[in-house]
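Observations on the three-dimensional arrangement
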Amino acid sequence: MVKRLLAGTVTLILLAFAVIMISFVQLDVPREQLIGKYATGASQFVTLPSGAGVHVRDEGNPEGPALVLVHGSNASLHTWEPWVEELGGTYRIISMDLPGHGLTGRVPGDDYTREGMTAFVHEVLETLHVGRFAIAGNSMGGGIAALYTLEHPESVSALILVDAAGIPVKRDDDDVPLAFRVASMPVVSNVMRYVLPRSLVEEGVRKVFVDQSKVTDEMVARYFDLTLHEGNRDATRMRFASYASRNEEAFADRLSEIEAPTLVLWGDKDGLIPVSAAHEFQKRIPQAELVIFENVGHVPMEEVPGASAAAVRSFLAKVRAKVQADAGSGEVAPAGDAEPQPEAAE
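This is a predicted model, so every value here is computed, not measured.

1. Things to note about helix α12 (residues 276–284)
- Within α12, the full set of buried residues consists of A277, A278 and F281. Down the axis of α12, the smallest arc covering the buried residues is 105°, so these residues share one side.
- Check the buried side of α12 and you find it contacts β6 (156–164), β7 (262–267) and β8 (289–293).

2. Structural notes on the packing of aromatic side chains
- Applying the stated criterion across every chain yields a total of four aromatic pairs.
- Taking the centre distance of 5.1 Å and the plane angle of 50° together, the rings of F240 and Y243 count as tilted.
- What makes Y243 partly exposed here is its relative accessible area of 26%.
- Sitting over the face of the ring of F251, R114 holds its NZ or CZ atom 4.2 Å from the ring centroid.

3. Concerning the nonpolar core
- In terms of nonpolar packing, the biggest core is built from 50 residues, with I94, M96, L98, F133, I135, L255 and F281 touching the most fellow members.
- In terms of residues, this core owes the most to one element, helix α5 (residues 140–151), which gives seven residues.
- Those residues in contact with M96, other than ones at most four positions away along the chain, are V54, H55, V56, V68, L69, H71, L77, V121 and V124.
- In terms of nonpolar packing, the next biggest core, distinct from the first, is built from 43 residues, L67, V84, A134 and V220 among them.

4. A word on the confidence of the model for the chain
- In this model, the chain carries an average pLDDT of 87, and 82% of its residues clear a pLDDT of 70 or more.
- Here residues 7–23 is a poorly scored stretch, pLDDT under 50, and it has one contact once near neighbours within four places are set aside; other chains count.

5. A few points about the pattern of salt bridges
- For the coordinates displayed, the defined rule picks out 18 salt bridges.
- For the salt bridge of R206 with E202, the shortest nitrogen-to-oxygen distance reads 3.0 Å. Taken together, the residues span about one helical turn, with R206 and E202 both in helix α8 (residues 198–207) at a distance of four residues.
- D326 serves as the salt-bridge partner of K322, at 3.0 Å between the closest nitrogen and oxygen. Here the residue K322 and the residue D326 both occupy positions in helix α14 (residues 305–328), the gap between them amounting to four residues, near one helical turn.
- What you see here is one network of salt bridges that share partners, running through R106, D110, D234 and R237.

6. Describing α5
- Compared with the 16 Å implied by 1.5 Å per residue over 12 residues, the 17 Å span of α5 between its first and last C-alpha is a close match.
- For α5, the tally of buried residues reaches 11 of 12 residues, placing the bulk of the element in the interior.
- Residues of α5 that are buried include every one of M140, G141, G142, G143, I144, A145, A146, L147, Y148, T149 and L150, and no others.
- Those residues of α5 that are buried lie in contact with β3 (66–70), α4 (114–127), β5 (133–139), β6, α10 (232–242) and α11 (248–254).

7. With respect to the sheet that holds β6
- Strands sit in the order β1-β2-β4-β3-β5-β6-β7-β8 across an open sheet of eight strands; the sheet is mixed. Both outer strands of the open sheet, β1 (43–47) and β8, are each paired with one neighbouring strand and no more. On average, adjacent strands in this sheet sit at an angle of 20° to one another, irrespective of strand direction.
- Examined bridge by bridge, β1 and strand β2 (residues 53–60) share five bridges and lie antiparallel to one another. Within β2, the position partnered with F45 by the bridge is H55.

8. Observations regarding the side chain of R233
- Locating R233 in the fold gives a position in helix α10.
- Relative accessible area serves as the criterion here: at 7%, R233 is assigned to the buried category.
- A polar contact is formed between the side chain of R233 and the side chain of D28, at a distance of 3.0 Å.

9. Focus: the packing of α8 against helix α9 (residues 217–227)
- Here α8 crosses α9 at 115°, and the two axes come no closer than 9 Å. Once α8 is placed against α9, the crossing between them reads as right-handed. Contacts between α8 and α9 pair R198, V201, E202 and V205 from the former with D217, M219, V220, A221, Y223 and F224 from the latter.
- Across the contact of α8 with α9, the residue classes tally to seven nonpolar, no polar and three charged.

10. Structural notes on the pairing of β2
- Here β1 folds back onto β2, and the loop between the two strands holds five residues, one of which, G51, carries a positive phi near 100°.
- As judged from the five bridges shared by β2 and strand β4 (residues 92–96), these two strands associate in the antiparallel manner. Residue D58 lies in a different strand from β4, and its bridge partner there is I94.

About the cut-offs
- Residues numbered from 1 in each chain as written.
- Predicted model: local features only at pLDDT ≥ 70, side-chain atom pairs only at ≥ 80, totals over all residues.
- Heavy atoms only, no water.
- Buried < 20%, exposed > 50% of the residue type's maximum accessible area, 1.4 Å probe, protein only.
- Helix = DSSP H or I, 4+ residues; strand = E, 2+ residues; numbered from the N terminus.
- Arc of directions from axis to C-beta.
- Contact = heavy atoms within 4.5 Å.
- Phe/Tyr/Trp six-rings, centres within 6.5 Å; stacked < 30°, edge-to-face > 60°.
- Lys NZ or Arg CZ within 6 Å of the ring centre and 35° of its normal.
- Core = buried A, V, L, I, M, F, W, Y, C linked by side-chain atoms within 4.5 Å.
- pLDDT = per-residue confidence, 0-100.
- Salt bridge = Lys/Arg side-chain N within 4 Å of Asp/Glu carboxyl O.
- Expected span 1.5 Å × (residues − 1).
- Pairing = 2+ DSSP bridges.
- Axes fitted to C-alpha atoms, helices over the stretch in contact; angles between N-to-C directions.
- Polar contact = N/O pair within 3.5 Å; in protein donor to acceptor, adjacent residues only side chain to side chain.
- Left-handed = near helix turned anticlockwise from the far one by under 90°.
- Nonpolar A, V, L, I, M, F, W, Y, C, P; charged D, E, K, R; others polar.

Structure follows, in structure tokens:
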């Protein structure tokens, strides 16, 4: 009798567990199903020479100097919409969903390393015939922007690092979103390919903001939906697996080679990449300027869009002034550095 009761109890527990697991099973969602919700009139879907398809937006002032924006891990180009609104009157702004993100999805070759992402950004800009430009990146995108500047210095007029990756840091595990920790576990990460509670995504989004009022249901829904885009979870698993072989110390040692004017923006309450990394970037890039926002987390462009965009506007105005001064002194200014006066552009 006891054995039958025990067996029955175990069976009920397993059935309950199975029901719970099934309730969290999430199948991939085709791109076409998501385009209607998350593409805008500025969205383009471009097939690159490599065969990859990319979701890209080329918007703002078409006659203005180009500003390229590179988003962070598990985000999308939507993270830059506040800056597009703030800066689009002056700048031509190009943003894209990176491989394994947003509406771009998985790409041929499955290279989701920093080097692979950098090559992808270069391919996009070459395809769009973007010449000289300023480039900004947040988090993972900051590391990509820095590497792009190292590999293509002739193309980059200015570099903007926003709570950027690329400096080896120590962090408290409690500050790292659970989804990131799970994605780093070789076996457990495979489960996320099929099982993804919406609460896990929401926890990750909330962790990068100090001001929780900025986290809306619509924002969480977008992150969740785009995570389910066909191929994105496979790409995320491969990307996190590649981190084990990445030499962050060697990359950080190269930062001193950057000669482009550089602005480092950071939230002082960033738990994912602590503010100590901001000071390290400033130390390693001799000409870097540093702006720290109080009571702000990992995504200043979303949490304090006005203040962060103002810092970018001021910085790029100084870069422009120096280019104009050099041109006046007889030095040849590289094409693409000239910037329209704000009065004429807005």
